[in-house]
Amino acid sequence: TPPPLDFIEKCGNIEMATSIEEADLVIAHGGEIWYHGPEQNQPLGSFMRDGSVDVVGPILAACCKRKLPFVCANPDFVVRQSGGSFSYMPGTLAQLYEHLGGEVKYFGKPHPEHFRACLDKLNLNNVAHVGDSLHHDIAGANAAGIDSVFVTSGIHCDELKSRFGAMPSDTELK
């Protein structure tokens, strides 16, 4: 995940708040830190590793109490790391925020607007989206009318009894 300021710079003219009290909204694009200013980043505990919301839950509850809108710029729920482990992602935080009663706006897979924006920016029409998530990659590409290629050795590999470099059996694919 890029550092918060690197990501925010790409979003346009947004001033970063350093506290919940001065914030106008919440932006989630990663799941590692809560930004409190240049020298005050707060780790979100073990959220990315095990999905624990011990640290981030109270932060989100305070934001929800203030009725701050939540922008989820990466709706993935989990990602498979190169070593085979899984990490929890901002889509999981967005679900929690909605469960707490908060308002969430999504931008990213599986929402078709994300795919259309990418195609418009690149001035392309004839593409295939490659991804390992049936929920985010494949469903999103289908909703946007884009061909897709499903990587079976990603987040669904355990369900498919698949591994890198090998196709799952026809039985597992059904």
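Residues numbered from 1 in each chain as written. Predicted model: local features only at pLDDT ≥ 70, side-chain atom pairs only at ≥ 80, totals over all residues. Heavy atoms only, no water.

1. Focus: the overall build of the chain
- Helices and strands together make up the secondary structure of the chain, namely eight helices and nine strands.
- Principal axes of the C-alpha set define a box for the chain whose edges measure 55 × 40 × 30 Å.
- The buried share of the chain, reckoned over its 174 residues, is 39%.
- Excluding contacts between residues fewer than 6 apart, the proportion of contacts in the chain whose partners are at least 24 apart in sequence is 46%.
- Carbon and sulfur atoms make up 52% of the accessible area of the chain, which totals about 10600 Å².
- In the chain, the 13 positive side-chain charges and the 22 negative ones have mean positions that sit 4 Å from each other. (Helix = DSSP H or I, 4+ residues; strand = E, 2+ residues; numbered from the N terminus. Buried < 20%, exposed > 50% of the residue type's maximum accessible area, 1.4 Å probe, protein only. Contact = heavy atoms within 4.5 Å. Areas by Shrake-Rupley, 256 points an atom, 1.4 Å probe, with all protein chains shown as cover. Lys, Arg positive; Asp, Glu negative; His and termini not counted. Charge placed at Lys NZ, Arg CZ, Asp CG, Glu CD.)

2. Describing the environment of D6
- Here D6 is to be found in helix α1 (residues 4–10).
- In this structure, the C-alpha to C-alpha distance between D6 and K109, residues 103 residues apart in sequence, is 21 Å.

3. Remarks on the sheet that holds strand β7 (residues 104–106)
- On the basis of which strands lie adjacent, the open sheet formed by three strands has the order β1-β4-β7 and parallel pairing. Each edge of the open sheet carries a strand with a single partner, namely β1 (26–28) and β7. Going from strand to strand, the sheet's axes swing by 20° on average, the running direction of each strand aside.
- Two elements, strand β4 (residues 70–72) and β7, share three bridges in a ladder whose sense is parallel. Its bridge partner lying in β7, F70 is registered against V104. (Pairing = 2+ DSSP bridges. Axes fitted to C-alpha atoms, helices over the stretch in contact; angles between N-to-C directions.)

4. Considering the confidence of the model for the chain
- Taken as a whole, the chain shows an average pLDDT of 85; of its residues, 91% reach a score of 70 or greater.
- Mean pLDDT across the elements of the chain ranges from a minimum in strand β2 (residues 33–34), with 66, to a maximum in helix α4 (residues 90–99), with 95. (pLDDT = per-residue confidence, 0-100.)

5. Examining the packing of aromatic side chains
- A complete count under the given rule lists two aromatic pairs for this structure.
- Plain terms: the ring middles of F47 and Y88 are 6.2 Å apart, the flat faces sit at 50° to each other, and that makes the pair tilted. With a gap of 41 residues between them, F47 in helix α2 (residues 47–50) and Y88 in strand β6 (residues 86–88) connect regions that are remote in the sequence.
- With a centroid separation of 4.9 Å and an interplanar angle of 35°, the aromatic rings of F70 and Y97 are classed as tilted. With F70 in strand β4 and Y97 in helix α4, this residue pair connects regions lying 27 residues apart in the sequence. With respect to class, F70 is no different from Y97; both count as buried. (Phe/Tyr/Trp six-rings, centres within 6.5 Å; stacked < 30°, edge-to-face > 60°.)

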